[in-house]
Amino acid sequence: MKLKAIEPASDAPSRYSVPALEKGLDILELLAKEREGLNVTAIAARLSRSTGEMYRIIQYLEWRGYIDRDRERDLYTLSFRVFRLAHEHPPLKSMVACATPIMEALASEIGQSCHLVVVDRTSIVIVAQVDSPLPIRYSVRLGAQFPIHEKSSGLLLAAFMRPADFDNLVEELSRTVDKKTVASFKKHATEIRKAGHEDRESFLVPGIVNLSHPVRNHAGEVVAALTVPYLSQRGDQPSVAACSVALETAAEALSRALGYQG
């Protein structure tokens, strides 16, 4: 699966106007960013639409199974149907099928959880996840989505983008984050590209060291990041350095399974 080029946003109207479809997609994109959910009034306000024009579309999306409704709180959230549809896409489905046994073996070997990450515009999505076999563990929810600049795996994936794609990504980020964040993002991406991998304390979770290595396809393109959120525990366990070596081996094995021969 190729990393999709990010097209610069445009204020120009679409060549073909499909108002109902536009509203439906706006609702899905909004709810994808809201973990707690929103009611109809909040959805309409966020999208600068009237409650009346949103209500029928929300009802239809719920009927089709693309959004769920918490009837007690009257809040709508994105369902897992979109995620399931993405997993039915042949390249992604094939990659996850190849990755699962390799990730299971890795988690068993190092006693740490691991997950597989791909890019979705300015975000990353967890497309495969295997828990540590230990009673105490740290893991990331399958299907979770995060801003690309906030996660080590996102920085790694950005670092190995084609230059034009990386420039488009930076332009897109510049619309939503401050200049200091963008500068830090570019600096870290450059460092990762030189190193070839990422070993860094988590930006978000104290005590976690994120280890991330690239996964390549048959053409040598980086299509995913295999990541271990290393949780230190007392007792006999592999060191961060040993886990990074095992992770690199697993990422290389997955790359070979996808046809990479470099």
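See the structure printed just above.
Scoring rules and cut-offs
- In this convention, every chain numbers its residues from 1, walking through the sequence in written order.
- Where totals are concerned, whole chains, interfaces and linings use all residues; where local detail is concerned, this predicted model gives features only for residues with pLDDT of at least 70, and gives and counts side-chain atom pairs only at 80 or more.
- To get the side-chain values, take all heavy atoms of the structure and skip hydrogens and water.
- Secondary structure elements follow DSSP: runs of H or I no shorter than four residues count as helices, runs of E no shorter than two count as strands, and numbering proceeds from the N terminus.
- Expected span of a helix: the number of residues minus one, times 1.5 Å.
- Under the scheme applied here, a residue whose accessible area is under 20% of the maximum for its type counts as buried, over 50% as exposed, and between as partly exposed, the area being computed with a 1.4 Å probe on protein chains only.
- Note: the arc covers the axis-to-C-beta directions of the helix.
- Contact definition: two residues touch when any of their heavy atoms are within 4.5 Å.
- Aromatic contacts are taken between Phe, Tyr and Trp rings whose centres are within 6.5 Å, Trp giving its six-membered ring; a plane angle under 30 degrees counts as stacked, one over 60 as edge-to-face, and the others as tilted.
- Two strands are said to pair when DSSP picks up at least two bridges between them.
- Lines fitted to C-alpha atoms define the axes, with helix axes restricted to the stretch in contact, and inter-axis angles between N-to-C directions lie between 0 and 180 degrees.
- Working definition of a nonpolar core: buried Ala, Val, Leu, Ile, Met, Phe, Trp, Tyr and Cys residues. They are joined through side-chain atoms within 4.5 Å.
- The patches reported here contain residues having more than 30% relative accessible area and no salt bridge. Joining distances are 9 Å for like charges and 5 Å for nonpolar side chains (Val, Leu, Ile, Met, Phe, Trp, Tyr).
- In these tables, accessible area is a Shrake-Rupley quantity obtained with a 1.4 Å probe, and a residue counts as shielded only by the protein chains included in the view.
- For this document, the term salt bridge refers to a Lys or Arg side-chain nitrogen within 4 Å of an Asp or Glu carboxyl oxygen.

1. Things to note about helix α1 (residues 19-31)
- In a regular helix each residue adds 1.5 Å, so 13 residues correspond to 18 Å; α1 covers 18 Å between its end C-alpha atoms and thus fits that length.
- Of all the residues in α1, the buried ones are Lys 23, Gly 24, Ile 27, Leu 28, Leu 30 and Leu 31. The arc that holds the buried residues of α1, viewed along the axis, is 165 degrees, so those residues lie on one side.
- Tucked into the core, α1 has its buried residues touching α2 (40-46), α3 (51-63), β1 (67-70) and β2 (75-78).

2. Comments concerning the packing of aromatic side chains
- Summed over all chains, the structure comprises two aromatic pairs.
- Ring centres of Tyr 60 and Trp 63 lie 5.7 Å apart, and the angle between their planes is 40 degrees; on these two criteria the pair is classed as tilted. Residue Tyr 60 and its partner Trp 63 are located together in helix α3, separated by three residues, close to a single helical turn.
- Accessibility expressed as a relative area gives 46% for Tyr 60, which makes it partly exposed.

3. Side note on the sheet that holds strand β5 (residues 145-147)
- One open sheet holds the six strands; their spatial order is β5-β4-β3-β8-β7-β6, and the pairing between them is antiparallel. Edge positions in the sheet fall to β5 and β6 (198-201), since each of these pairs with one other strand and no more. Averaged over neighbouring strand pairs, the angle between their axes works out to 30 degrees when direction is ignored.
- Taken together, the four bridges between β6 and strand β7 (residues 208-216) define a ladder with antiparallel strand orientation. Its bridge partner being in β7, Asp 199 is matched across the sheet by Leu 211.
- Together, β3 (114-120), β4 (123-130), β6, β7 and β8 (222-231) form the strand contacts of helix α6 (residues 152-159), whose direction differs from that of β8 by roughly 155 degrees.
- Strands in contact with helix α9 (residues 240-257) are β3, β6, β7 and β8; relative to β7, the strand with the most contacts, it is inclined by about 25 degrees.

4. Concerning unusual backbone geometry
- Positive phi outside glycine occurs at Ser 48, with the angle close to 55 degrees.
- Tracing the backbone shows Ser 48 in the loop between α2 and α3.
- If you check the backbone angles, Asp 74 has positive phi at about 60 degrees while not being a glycine.
- Locating Asp 74 in the fold gives a position in the loop between β1 and β2.

5. Remarks on the nonpolar core
- With 29 residues, the main nonpolar core has Met 103, Leu 106, Leu 116, Val 215 and Leu 226 as its most contacted residues.
- When contributions to this core are tallied by element, the ones reaching two or more residues are α5 (90-110), β3, β4, β7, β8 and α9.
- Counting residues per element, this core draws most heavily on α5, at eight residues.
- Aside from chain neighbours lying at most four places away, what touches Met 103 is Cys 114, His 115, Leu 116, Ala 128, Gln 129, Val 130 and Leu 226.
- Grouped together as the second largest cluster of nonpolar side chains are 26 residues, Leu 157, Leu 173, Val 182 and Val 222 included.

6. Looking at α3
- In this model α3 runs 18 Å from its N-terminal to its C-terminal C-alpha over 13 residues, within 8% of the 18 Å that 1.5 Å per residue would give.
- Listed as buried for α3 are Met 54, Ile 57, Ile 58, Leu 61 and Glu 62. An end-on view of α3 places all buried positions within 140 degrees of arc, on one side of the element. More than 90 degrees from the buried face of α3, the exposed residues found are Gly 52, Arg 56 and Trp 63.
- Buried positions along α3 lie against α1, α2, β1 and β2.
- At the C-terminal side of α3, Gly 65 shows a positive phi close to 90 degrees.

7. Thoughts on a nonpolar patch on the surface
- Taken together, the side chains of Val 18, Leu 21 and Leu 25 define a hydrophobic patch exposed on the protein surface, amounting to about 260 Å² of accessible area.
- Mapping Val 18 onto the fold places it in the segment before α1.

8. Let's talk about the pattern of salt bridges
- As enumerated under the stated definition, the model contains 13 salt bridges in all.
- Measuring nitrogen to oxygen at the nearest pair gives 3.0 Å for the salt bridge that ties Glu 53 to Lys 23. Placement of the pair is Glu 53 in helix α3 and Lys 23 in helix α1, with a sequence separation of 30 residues.
- Given the relative accessible area of 28%, Glu 53 is considered partly exposed.
- Take Lys 23: its relative accessible area is 15%, and that puts it in the buried class.
- Its salt-bridge partner being Glu 191, residue Lys 187 comes within 2.7 Å of it at the nearest N-O pair. On the criterion of helical spacing, the pair formed by Lys 187 and Glu 191 is a turn pair, its members being four residues apart in helix α8 (residues 179-195).
- Salt bridges sharing common partners tie together Arg 121, Glu 171, Glu 172 and Arg 175.

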